[in-house]
Amino acid sequence: METRINAVWQGSFKEGKGQFNVTDSVLNNTAFKPSFAKNDENFTNAEQLLASAHAACYTMTLSYILSENGFSADNQIKTTVSLALNNNVITKSILTLQAKIADITEEQFQNFALKAKEMCPVGNALNVEISLEATLVS
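Remember, predicted model here, so these are calculated numbers, not experimental data. (Residues numbered from 1 in each chain as written. Predicted model: local features only at pLDDT ≥ 70, side-chain atom pairs only at ≥ 80, totals over all residues. Heavy atoms only, no water.)

**Student:** What exactly am I supposed to notice about the environment of N29 here?
**Tutor:** Positionally, N29 belongs in the loop between β2 (17-21) and β3 (31-32). You can call N29 partly exposed: its relative accessible area is 48%. On a C-alpha basis, the gap between N29 and A7 in space is 9.6 Å, while along the polypeptide they are 22 residues apart. Leaving out residues up to four positions away in the same chain, N29 has contacts with Q19, F20 and N21. (Helix = DSSP H or I, 4+ residues; strand = E, 2+ residues; numbered from the N terminus. Buried < 20%, exposed > 50% of the residue type's maximum accessible area, 1.4 Å probe, protein only. Contact = heavy atoms within 4.5 Å.)

**Student:** When you look at helix α1 (residues 46-68) in this model, what are you seeing that I'm missing?
**Tutor:** Residues three or four positions apart in an α-helix share a direction because the helix packs 3.6 residues into each turn. The terminal C-alpha atoms of α1 lie 33 Å apart, and with 23 residues this matches the ideal 33 Å at 1.5 Å per residue to within 8%. Buried within α1 we find A51, H54, A55, C57, Y58, T59, T61, L62, I65 and L66. On its buried face, α1 is in contact with β4 (76-86), β5 (89-100), α2 (106-119), α3 (121-126) and β6 (129-136). Here α1 starts with a cap whose side-chain oxygen sits 3.0 Å from the backbone nitrogen of E47, and that cap is N45. Residue G70 follows α1 closely and has a positive phi angle near 85°. (Expected span 1.5 Å × (residues − 1). Polar contact = N/O pair within 3.5 Å; in protein donor to acceptor, adjacent residues only side chain to side chain.)

**Student:** Can you walk me through the sheet that holds β3 in this structure?
**Tutor:** Sheets are built from strands paired through backbone hydrogen bonds, the pairs being either parallel or antiparallel. Spatially, β1-β2-β3 is the arrangement adopted by the three strands of the open sheet, whose pairing is antiparallel. Of all strands in the sheet, those with a lone pairing partner are β1 (6-10) and β3, marking the two edges. Direction of pairing for β2 relative to β3: antiparallel, over a ladder of two bridges. In the strand pairing of β3, G18 is matched with F32. (Pairing = 2+ DSSP bridges.)

**Student:** How should I be thinking about the side chain of T61 in this particular structure?
**Tutor:** Note on placement: T61 falls in helix α1. A residue is classified by how much of its surface remains accessible, and T61, at 10% relative accessible area, is buried. In contact with T61, not counting residues within four places along its chain, are A116, M119, C120 and P121.

**Student:** What is the right way to look at the sheet that holds β4 in this model?
**Tutor:** One open sheet accounts for three strands, arranged β4-β5-β6; its pairing is mixed. Edge strands, defined here as strands with exactly one partner in the open sheet, are β4 and β6. On average, adjacent strands in this sheet sit at an angle of 15° to one another, irrespective of strand direction. Relative to β6, β5 runs parallel, the two sharing eight bridges. Counterpart to L95 in the pairing with β6 is L132. In the packing of α1 onto the sheet, contacts are made with β4, β5 and β6, and the angle to β4 comes to roughly 145°. This element, α2, spans β5 and β6 of the sheet and lies at about 155° to β6. (Axes fitted to C-alpha atoms, helices over the stretch in contact; angles between N-to-C directions.)

**Student:** Sorry if this is basic, but what is going on with unusual backbone geometry here?
**Tutor:** Generally, phi is negative for residues other than glycine and the peptide bonds are trans, each holding for most cases. The backbone phi angle of N87 is positive, close to 55°, even though this residue is not glycine. You can see N87 is positioned in the loop between β4 and β5. One non-glycine residue, N127, lies in the positive phi region at around 55°.

**Student:** How do you make sense of the packing of aromatic side chains when you look at a structure like this?
**Tutor:** Each aromatic ring pair is specified by the distance between its two centres and by the angle formed by the two planes. Inspection of the entire model under this criterion finds two aromatic pairs. Seen from their ring centres, W9 and F32 are 5.7 Å apart, and the 40° between their planes marks the pair as tilted. Remark: F32 occurs in strand β3 and W9 occurs in strand β1; sequence separation between them is 23 residues. A relative accessible area of 15% places F32 in the buried class. (Phe/Tyr/Trp six-rings, centres within 6.5 Å; stacked < 30°, edge-to-face > 60°.)

Written out as structure tokens, the structure is:
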């Protein structure tokens, strides 16, 4: 499987703007700018996209593991990702997970949450420290 996205930039770094061109995706024609840019336009930045990709990938991976083990996240799995930056280098991705899953033990939940962290393709591509705080909600 291959995913292809074109990012097009016009102008200087500070005043310019970019746009994604993606076939068959809601990302098509999405504007992007550096994270420090503040204005009234709707746009995203690379850090938001990376955090979004990690959150989505981790959550889907956990859902897969749960399904393979006879559990369903009918209630909710909520993953928040915070990226830590130091001198413009992403040094850490912090996963915070809250889930309400019927008939699962705390031990099973923690094991599945950790396994999802280890299996997540986006997390594996980051090559940074990834921490996980998983909370099973009763």
